[in-house]
Amino acid sequence: MKQKQKFDTTIALNRKALHDYSIEERYEAGVALEGWEVKSLRAGKIQLDQGYVVLKNNAVWLIGAQITPLLTASSHIHPDPQRTRKLLLHQSEINKLIGSVERKGYTLVPLKLYWKNNRVKLEVGLAKGKKLYDKRATEKERDWQRQKARNLKDY
């Protein structure tokens, strides 16, 4: 019997994070969501660019990500679009993140939200902020790669 292949489908990307930070490590975390939030995610109603990840009380939290509720949300539920959501990681991963953030000066940034085996996963990046000249260098390199691809296509 053949098994179906399950592909990760991206819900939302945080492109601003890739521009503002250099990502050192990536972690996959589950997200504790309510029912109306899952329905909104299926409709693609999320903004990750204002969100950030915080370590509090030996737990990891996603703050500032906005999930817009659907109009068909139940009348007895009062949805909060900017609710603080708990991220689900193993304790060893949390301890490693605490050490990196507190001692080495790293930042935790939400990078990508996606479906994996019918569960919502958040890719969290352990990042350092880029300086202005780093951003310029990245932009210059990207333009050069684009120009090189155009030149090769012409020949």
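Structure: see above.
What follows deals with the overall build of the protein chain. Per the secondary structure count, the protein chain includes four helices and nine strands. Walking the protein chain from its N terminus toward its C terminus, one meets helices and strands in the order β-α-β-α-β-β-β-β-β-α-β-β-α. Counting all 155 residues of the protein chain, 32% fall into the buried class. For the protein chain, long-range pairs separated by at least 24 residues make up 70% of all intrachain contacts whose partners lie at least 6 apart in sequence. Surface accessibility of the protein chain: about 10,800 Å² in total, with carbon and sulfur atoms responsible for 49%. Here the protein chain holds 31 positive side-chain charges and 17 negative ones, and the gap between their average locations is 3 Å.

Working definition: an aromatic ring pair is given by the centre-to-centre distance plus the angle between the planes. The full count for this structure, using the stated rule, is zero aromatic pairs. Between Arg-42 and the ring centre of Trp-115, over which it is positioned, the NZ or CZ distance is 4.4 Å. In this structure, Lys-128 packs its charged tip against the face of Tyr-106, placed 4.9 Å from the ring centre.

Let us now look at the environment of Glu-28. By secondary structure assignment, the location of Glu-28 is in strand E2 (residues 21-31). Sequence separation between Glu-28 and Leu-152 is 124 residues, and the spatial gap between their C-alpha atoms is 37 Å. In this view, Glu-28 contacts Leu-89, Tyr-114, Lys-116, Lys-121 and Leu-122; residues no more than four positions away in its chain are not counted. At 2.5 Å, the side chain of Glu-28 forms a polar contact with the side chain of Tyr-114. Here Lys-116 takes part through its side chain, which lies 3.3 Å from a polar atom of the side chain of Glu-28.

Rules used throughout
Residues numbered from 1 in each chain as written. Predicted model: local features only at pLDDT ≥ 70, side-chain atom pairs only at ≥ 80, totals over all residues. Heavy atoms only, no water. Helix = DSSP H or I, 4+ residues; strand = E, 2+ residues; numbered from the N terminus. Buried < 20%, exposed > 50% of the residue type's maximum accessible area, 1.4 Å probe, protein only. Contact = heavy atoms within 4.5 Å. Areas by Shrake-Rupley, 256 points an atom, 1.4 Å probe, with all protein chains shown as cover. Lys, Arg positive; Asp, Glu negative; His and termini not counted. Charge placed at Lys NZ, Arg CZ, Asp CG, Glu CD. Phe/Tyr/Trp six-rings, centres within 6.5 Å; stacked < 30°, edge-to-face > 60°. Lys NZ or Arg CZ within 6 Å of the ring centre and 35° of its normal. Polar contact = N/O pair within 3.5 Å; in protein donor to acceptor, adjacent residues only side chain to side chain.

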